[in-house]
Amino acid sequence: MRDQPSPETLAFVAEANACIAAAQAASLAAGVPIVYKDREGRYVEEYPDGRVFEIRFRPEETGDRHVEIIRELAGSVR
């Protein structure tokens, strides 16, 4: 049987998630898009205007070309 996480661990995870959400909101408010994995495991890029795109990385490219947009996703995927 697996042990349950300690209250300290749960508190740490909650605080870390709150910090991540705050950093994402601050980035979007500053006009900077954010990249993350959504609930389905896809890499997505979210823009401050609310548009969300599924993306893939192209490590052989440099600069802005290392991200390829696959398609636009509807609504929030976080």
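Residues numbered from 1 in each chain as written. Predicted model: local features only at pLDDT ≥ 70, side-chain atom pairs only at ≥ 80, totals over all residues. Heavy atoms only, no water.

Participant: Run through the overall build of the protein, naming residues and quoting values.
Facilitator: Across its full length, the protein carries one helix and four strands. Moving toward the C terminus, one meets the helices and strands of the protein in the order α-β-β-β-β. Scaling as 2.2 N^0.38, a compact globule of 78 residues should have a C-alpha radius of gyration of about 12 Å, whereas the protein reaches 16 Å, well beyond that. Its C-alpha atoms give the protein principal-axis dimensions of about 45 × 30 × 25 Å. The proportion of buried residues among the 78 residues of the protein is 21%. Summed over all atoms, the accessible surface of the protein reaches about 6000 Å², with 55% contributed by carbon and sulfur. Counting 10 positive and 14 negative side-chain charges, the protein places the centres of these two groups 4 Å from one another. (Helix = DSSP H or I, 4+ residues; strand = E, 2+ residues; numbered from the N terminus. Rg over C-alpha atoms; globule rule 2.2 N^0.38 Å. Buried < 20%, exposed > 50% of the residue type's maximum accessible area, 1.4 Å probe, protein only. Areas by Shrake-Rupley, 256 points an atom, 1.4 Å probe, with all protein chains shown as cover. Lys, Arg positive; Asp, Glu negative; His and termini not counted. Charge placed at Lys NZ, Arg CZ, Asp CG, Glu CD.)

Participant: How would you summarise the side chain of D38 if you had to cite specific residues and measurements?
Facilitator: With respect to the element layout, D38 can be found in the loop between β1 (34-37) and β2 (43-46). Residue D38 is classed as buried on the basis of its relative accessible area, which comes to 8%. A polar contact is formed between the side chain of D38 and the side chain of R42, at a distance of 2.7 Å. (Polar contact = N/O pair within 3.5 Å; in protein donor to acceptor, adjacent residues only side chain to side chain.)

Participant: A description of the packing of aromatic side chains should follow, citing residues and the corresponding values.
Facilitator: For the coordinates displayed, the defined rule picks out two aromatic pairs. Look at Y43 and F57: their rings are 5.1 Å apart centre to centre, the planes differ by 75 degrees, and that puts the pair in the edge-to-face class. Of the two residues, Y43 is situated in strand β2 and F57 in strand β3 (residues 52-57); the sequence distance between them amounts to 14 residues. Classification of F57 as partly exposed rests on a relative accessible area of 37%. Judged by centre distance (5.7 Å) and plane angle (90 degrees), the ring pair of Y47 and F53 falls under edge-to-face. Accessibility expressed as a relative area gives 22% for Y47, which makes it partly exposed. In this structure, R51 packs its charged tip against the face of Y47, placed 5.0 Å from the ring centre. (Phe/Tyr/Trp six-rings, centres within 6.5 Å; stacked < 30°, edge-to-face > 60°. Lys NZ or Arg CZ within 6 Å of the ring centre and 35° of its normal.)

Participant: Before we move on, could you go through helix α1 (residues 7-29) and cite the residues and values that matter?
Facilitator: Spanning 23 residues, α1 covers 33 Å between terminal C-alpha atoms, matching the ideal 33 Å at 1.5 Å per step. Positioned one or two residues after α1, G31 has a phi angle of 90 degrees, which is positive. (Expected span 1.5 Å × (residues − 1).)

Participant: Now, about a nonpolar patch on the surface: what can you tell me, with residues and values included?
Facilitator: A cluster of nonpolar side chains, V35, Y43 and F57, forms an exposed patch at the surface whose accessible area comes to about 250 Å². Judged by relative accessible area, Y43 falls into the partly exposed class, the value being 36%. (Patch = residues over 30% accessible without salt bridge, like charges linked within 9 Å, V, L, I, M, F, W, Y side chains within 5 Å. Salt bridge = Lys/Arg side-chain N within 4 Å of Asp/Glu carboxyl O.)

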